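Observations on the three-dimensional arrangement
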Amino acid sequence: MREIAQRWGLRGLYPAEAASEYVGGLGLLAYEVLRCLRKRWEGSLILEQMEHIGVRSLSIVTLTAVFTGMVLALQMGSDLARFGAKPFVGRILAVSMLREMGPVLTALMIGGRVGAGITAEIASMKVTEQIDAMRSLGVNPIQKLVLPRLLALVVMLPLLTVLAHFVGILGGLFISVTELSVSADFYLNSIVQFIKFRDLFSGLGKTFFFGFFIALIACYNGLEVTGGADGVGRATTKTVVTASITILVSDFFLTKLFLSL
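Residues numbered from 1 in each chain as written. Predicted model: local features only at pLDDT ≥ 70, side-chain atom pairs only at ≥ 80, totals over all residues. Heavy atoms only, no water.

Structural notes on the overall build of the chain
Across its full length, the chain holds ten helices and zero strands. Along its sequence from the N terminus, the chain presents helices and strands in the succession α-α-α-α-α-α-α-α-α-α. Its C-alpha atoms give the chain principal-axis dimensions of about 70 × 35 × 35 Å. Taken across its 261 residues, the chain has 47% of its residues classed as buried. (Helix = DSSP H or I, 4+ residues; strand = E, 2+ residues; numbered from the N terminus. Buried < 20%, exposed > 50% of the residue type's maximum accessible area, 1.4 Å probe, protein only.)

Here it is, written out as structure tokens:
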């Protein structure tokens, strides 16, 4: 953030390239958020954001997960049938959902819906000078605006991912029974016998990082907006694109990290 960089006297240390300045601003904002963790948390604001992020995102997460599970079961069932392994579609589907599809797709959906909303909300406050008014009253906008949204995302994204896992596996069950002639008992028992704790841990572990990245990017783009209503639109688009790329890139490195544990 320009204001943070100027306060710490670091503005001149950043190169002219926009990417380096952007990453540096995200780092400074993350540091400011960590400093705010030592202060009193606004419990009511955090709960309000948790309701906005979690409860209001149930429909899009559920819809995405159920059709993802159905498509995976349909595709894998057709391929496994050539090798006589069609009854084991549940095992492959469950591993795919738990390790990759559930966490990544949920994060992408939340990044598009919630991330864009956070940026638009904070950017609107910025262009109407509400954030400047907060500073003039001695209120820290990072404490009031950024921290509650970041904590809410870090808490709610893993919970939404667990829901996506459950719904996705049920979607695969429906296709397995109706299209692949696999019994429900065999489908569920094969999943229970095959899935290990590390499969669930590796997928859920990523979501804490995804939530942190989404909140940080969304809040930073909102605080840095310029140019009125047109700037708000550009910042919102930038959040969706940047958050999606960050999720996909970080997923690779997080996967390597959790596989090495």
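The rest of the description comes next.
Notes on the packing of helix H5 (residues 89-127) against helix H9 (residues 197-223)
Relative orientation of the contacting elements H5 and H9 amounts to 15 degrees, with a least axis distance of 8 Å. Between H5 and H9, the angle falls in the class roughly parallel. The handedness of the crossing between H5 and H9 is right-handed. Its residues assigned to classes, the contact of H5 with H9 shows 13 nonpolar, eight polar and six charged. (Axes fitted to C-alpha atoms, helices over the stretch in contact; angles between N-to-C directions. Parallel < 35°, antiparallel > 145°, perpendicular 65-115°, else oblique. Left-handed = near helix turned anticlockwise from the far one by under 90°. Nonpolar A, V, L, I, M, F, W, Y, C, P; charged D, E, K, R; others polar.)

Details of the pattern of salt bridges
Considering all chains together, one arrives at nine salt bridges under this definition. The salt bridge involving Arg 56 is made with Glu 51; its shortest N-O contact spans 3.5 Å. For Arg 56, a relative accessible area of 48% gives the class partly exposed. A salt bridge links Asp 230 to Arg 234, with the shortest nitrogen-to-oxygen separation between them at 2.1 Å. In this pair, Asp 230 and Arg 234 are both assigned in helix H10 (residues 228-260), four residues apart and thus about one turn of the helix distant. Bridged by salt links that share partners, the residues Glu 100, Lys 206 and Asp 251 form one connected network. (Salt bridge = Lys/Arg side-chain N within 4 Å of Asp/Glu carboxyl O.)

Description of the state of the cysteines
One covalent bond between the sulfur atoms of two cysteine residues makes up a disulfide. Taken as a whole and assessed by the stated rule, the structure comprises zero disulfides. Not part of a disulfide, Cys 36 finds its nearest cysteine sulfur in Cys 219, a span of 11 Å. Owing to a relative accessible area of 2%, Cys 36 belongs among the buried residues under this scheme. By relative accessible area, Cys 219 is classed as buried at 0%. (Disulfide = S-S within 2.5 Å.)

As for the packing of aromatic side chains
The description of two aromatic rings rests on the distance between their centres and on the angle between their planes. As enumerated under the stated definition, the model contains six aromatic pairs in all. Between Phe 252 and Phe 253, the aromatic rings sit 5.2 Å apart at their centres with planes inclined by 80 degrees, giving edge-to-face as the arrangement. Every member of this aromatic cluster is reached through a ring pair, and the members are Phe 197, Phe 201 and Phe 258. (Phe/Tyr/Trp six-rings, centres within 6.5 Å; stacked < 30°, edge-to-face > 60°.)

Digging into unusual backbone geometry
Glycine aside, a negative phi is what most residues show, and trans is what most peptide bonds show. In this structure, Glu 129 takes a positive phi of about 65 degrees despite not being glycine. Phi angles above zero are rare outside glycine, and Ser 181 is one such case at about 60 degrees. Inspection of the secondary structure assignment puts Ser 181 in the loop between helix H7 (141-178) and helix H8 (184-194). Its relative accessible area of 68% is what places Ser 181 among the exposed residues.

Some remarks on helix H4 (residues 58-81)
For an α-helix, the turn length of 3.6 residues means that residues three or four places apart are oriented alike. Its 24 residues give H4 an end-to-end C-alpha distance of 34 Å, which sits within 8% of 34 Å, the value for a rise of 1.5 Å per residue. Taken together, the buried residues of H4 touch H5 and H7. (Expected span 1.5 Å × (residues − 1). Contact = heavy atoms within 4.5 Å.)

A look at a nonpolar patch on the surface
Taken together, the side chains of Val 241, Ile 245, Val 249, Phe 252 and Phe 253 make up a nonpolar region of the molecular surface, amounting to roughly 490 Å² of accessible area. Within the element layout of this structure, Val 249 appears in helix H10. Overall, the relative accessible area of 45% leaves Val 249 in the partly exposed class. (Patch = residues over 30% accessible without salt bridge, like charges linked within 9 Å, V, L, I, M, F, W, Y side chains within 5 Å. Areas by Shrake-Rupley, 256 points an atom, 1.4 Å probe, with all protein chains shown as cover.)

What about the confidence of the model for the chain?
For the chain, mean pLDDT is 88; residues scoring 70 or higher make up 93% of the total. When pLDDT is averaged over each element of the chain, H7 comes out on top at 94 and helix H1 (residues 2-8) at the bottom at 50. Contacts for the low-pLDDT stretch residues 5-16, under 50 throughout, to residues beyond four places or in other chains number 18 contacts. (pLDDT = per-residue confidence, 0-100.)

Some points on the packing of helix H3 (residues 43-53) against H7
Running from amino to carboxyl end, H3 crosses H7 at an angle of 45 degrees, the nearest separation of the two axes being 8 Å. The pairing of H3 with H7 is recorded here as oblique in orientation. Note on packing geometry: the crossing formed by H3 with H7 is right-handed. Contacts between H3 and H7 involve Leu 45, Ile 46, Gln 49, Met 50 and Ile 53 on the former and, on the latter, Lys 144, Pro 148, Arg 149, Leu 151, Ala 152, Leu 153, Val 155, Met 156 and Leu 160.

Side note on H10
With 33 residues, H10 should reach 48 Å at 1.5 Å per residue; the first-to-last C-alpha distance of 47 Å fits that figure. Its maximal kink placed at Asp 251, H10 deviates by approximately 25 degrees. Burial in H10 covers these residues: Gly 231, Val 232, Ala 235, Thr 236, Thr 239, Thr 242, Ala 243, Ile 247, Ser 250, Asp 251, Leu 254 and Phe 258. Buried residues in H10 make contact with helix H2 (18-36), H5 and H9. (Bend = angle between axes of the 7 residues up to and from the residue.)

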